[in-house]
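A structural walkthrough
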Number of protein chains: 2
Amino acid sequence: MDDIILDMDQYLPLRDVVFHALRKAILTGKLKPGERLMEIHLAKQLGVSRTPVREAIHKLELEGLATMIPRRGAQVAQISEKGLKDVLELRRALDVFCAQIACERMTPEEEKELRETCKAFEEATGTKDTTVIAKADVAFHDVIINSTRNERLITTINNLAEQIYRYRFEYIKDDSQHSRLIEEHRRLVDAILNKDPEKAGKAAGIHIDNQEHSILSQINLED
Amino acid sequence: MDDIILDMDQYLPLRDVVFHALRKAILTGKLKPGERLMEIHLAKQLGVSRTPVREAIHKLELEGLATMIPRRGAQVAQISEKGLKDVLELRRALDVFCAQIACERMTPEEEKELRETCKAFEEATGTKDTTVIAKADVAFHDVIINSTRNERLITTINNLAEQIYRYRFEYIKDDSQHSRLIEEHRRLVDAILNKDPEKAGKAAGIHIDNQEHSILSQINLED
DNA sequence: TTAGAGAATATTGTATACAAAGTACAGGAT
DNA sequence: ATCCTGTACTTTGTATACAATATTCTCTAA
């Protein structure tokens, strides 16, 4: 009787619960860049001891969402313009690469998914709901990224995406950009479906370039 | 009198000491893939408590050198052929990218350094001392990578390099390959000094391709 | 009033204790 | 003989205690 598989509710270590909680708080801006992350304080707030909090903070540091100074604690990472440019430059190179190999490796099922998520994004822009739009955008790009079937590439890109998540959010809010985004997505989809790596790479590059311009101009406004 | 700055000997958290110790042990093969990393055991061996050992193991996990299963502890990462191929594919893309932008960004001082480390590598192959050769090779590539001045790119590539360090070692031992390596380095240097991104990218790609073939054939022999 | 020394306080780093889960092995039922 | 089960033991997960360092505040002296 091996078809009755009780997927016994997964055990979640506290450190991971805390990690996800803090991560979400940082990405949504509830914890602001520069804010100190004090262990006892967070531990009390979350109702756990310092140990899992410490471990979560270390994980955040390795992901680049927190910075630590020995004996002085951690704070929410404050990304500089240079740091943001570095992330975007690398992200661009990897996205171009993904688009290129997606042309070779994408299965028919994934091609269908690509068309669907592309359309879903277009529909999402109609809702004016930033969260919905952002999710649709992520879903679309995930199809491309996952089609590479390169685990290391996937985690690396996702980590980079996380770094700019906070800023990208503002960018997606600006609905004057939506028609251009849709156009860029379509171009990318066409190139991939036509198995044209060069065009796909270019389309992916342009897509990130525009994102970069938006984000950087937005950052400069803030100062 | 603020020119008397006692750069008070750096404080090194124990977790980092342990981390470096374990990392070295893994990279040099003293701790073998699949070997269990038990906290109490390692703590006793290193003369510290479990806490810094735990934190070091977590760091190793995030770097991909250890794998953890909740409630069952960690073991030295066992890289699969697929995993190795993934790493190499990504490494290739990033090395090509580095070579390309190095053409634009390399300063005259770095160009000098590039020529010097290239020559130093050629001389190192004469010594037949694997450690010396490996170090010279790393130094050469570091010049290229660092010239991009993209921190994120640099750490990402270094992390990938670390993953294959264990296998690359064997590859460098094979002195029948040395003349080819030297030739490949020279081609890369020429392309960069001539500011020819396309050639530089190609040369870097070929360099990794050959490394990939060597490493993969070597892995297959082991099974 | 301001600068500096020193105590008081807060915070991180490390060690240890206890709880919970996993593993291994022995003994009994089928 | 094999499989199941219960117990002893190991190991990790979390909490807490203590030590070392950083920060803040107060009080004094110039």
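Residues numbered from 1 in each chain as written. Chains lettered and ligands numbered in written order. Predicted model: local features only at pLDDT ≥ 70, side-chain atom pairs only at ≥ 80, totals over all residues. Heavy atoms only, no water.

DNA strand D sits among 22 residues. The nearest are Leu 14, Ser 49, Thr 51 and Arg 72 of chain A together with Arg 50 of chain B. Among all atoms of DNA strand D positioned within 4 Å of the protein, those belonging to sugar or phosphate total 69%. Arg 72 of chain A is positioned such that a nitrogen or oxygen atom in its side chain is 2.9 Å from a phosphate oxygen of DNA strand D. At 3.4 Å, a backbone N or O of Glu 39 of chain B approaches a phosphate oxygen of DNA strand D. Residue assignment for the surface near DNA strand D shows that the elements contributing at least two residues are α1 (14-27) and α3 (50-63) of chain A together with β1 (36-37), α2 (39-46) and α3 (50-63) of chain B. Considering every element that reaches the surface near DNA strand D, the biggest residue donor is α3 of chain A, with 3 residues. (Near = heavy atom within 4 Å. Polar contact = N/O pair within 3.5 Å; in protein donor to acceptor, adjacent residues only side chain to side chain. Helix = DSSP H or I, 4+ residues; strand = E, 2+ residues; numbered from the N terminus.)

On to the interface of chain B and chain A. When the parts of a complex come together, some accessible area is lost, and that lost area is often used as the size of the interface. If you look at the interface, chain B gives 30 residues, while chain A gives 30 residues. Across the interface of chain B and chain A, roughly 2,500 Å² is buried in total on both sides, 57% from carbon and sulfur atoms. When the area that chain B buries against chain A is broken down by residue, the three leading residues are Glu 89, Leu 90 and Arg 152 of chain B, summing to 24%. Run the count over chain B and chain A and you get 4 salt bridges. In this structure, the salt-bridge partner of Arg 105 of chain A is Glu 89 of chain B, at a minimum N-O distance of 2.4 Å. Taken together, the links from chain B to chain A amount to 14 residue pairs in polar contact (both at pLDDT 80 or more). For the side of chain B that touches chain A, the secondary-structure elements that each account for two or more residues are α3, α4 (81-105) and α7 (151-173) of chain B. With 10 residues, α4 of chain B is the largest single contributor of residues to the side of chain B that touches chain A. (Contact = heavy atoms within 4.5 Å. Buried area = accessible area lost by both parts, 1.4 Å probe. Salt bridge = Lys/Arg side-chain N within 4 Å of Asp/Glu carboxyl O.)

Taken together, 22 residues surround DNA strand C, and among them Met 38 of chain A together with Leu 14, Ser 49, Thr 51 and Arg 72 of chain B come closest. Of all DNA strand C atoms lying within 4 Å of any protein atom, the proportion belonging to sugar or phosphate reaches 68%. Between Arg 15 of chain B and DNA strand C, the recorded distance is 3.3 Å, taken from a side-chain N or O atom to a phosphate oxygen. Only β1 (36-37), α2 (39-46) and α3 of chain A together with α1 (14-27) and α3 of chain B provide two or more residues apiece to the surface near DNA strand C. For the surface near DNA strand C, the leading source of residues is α3 of chain B, giving 3 residues.

Turning to its location among the elements, Leu 65 of chain B is positioned in the loop between α3 and β2 (66-69). Along the chain, Leu 65 of chain B and Leu 27 of chain B lie 38 residues apart, while their C-alpha atoms are 8.6 Å from each other.

Further remarks concern unusual backbone geometry. Residues and elements named next belong to chain A. Of note in this structure, Arg 149 is not a glycine but carries a positive phi near 55°. Its place among the elements puts Arg 149 in the loop between α6 (130-147) and α7 (151-173). The class for Arg 149 is partly exposed, based on a relative accessible area of 38%. (Buried < 20%, exposed > 50% of the residue type's maximum accessible area, 1.4 Å probe, protein only.)

What the rule picks out here adds up to 0 aromatic pairs over all chains. The lysine or arginine in question, Lys 59 of chain A, covers the ring of Phe 19 of chain A, its NZ or CZ lying 5.0 Å from the ring centre. (Phe/Tyr/Trp six-rings, centres within 6.5 Å; stacked < 30°, edge-to-face > 60°. Lys NZ or Arg CZ within 6 Å of the ring centre and 35° of its normal.)

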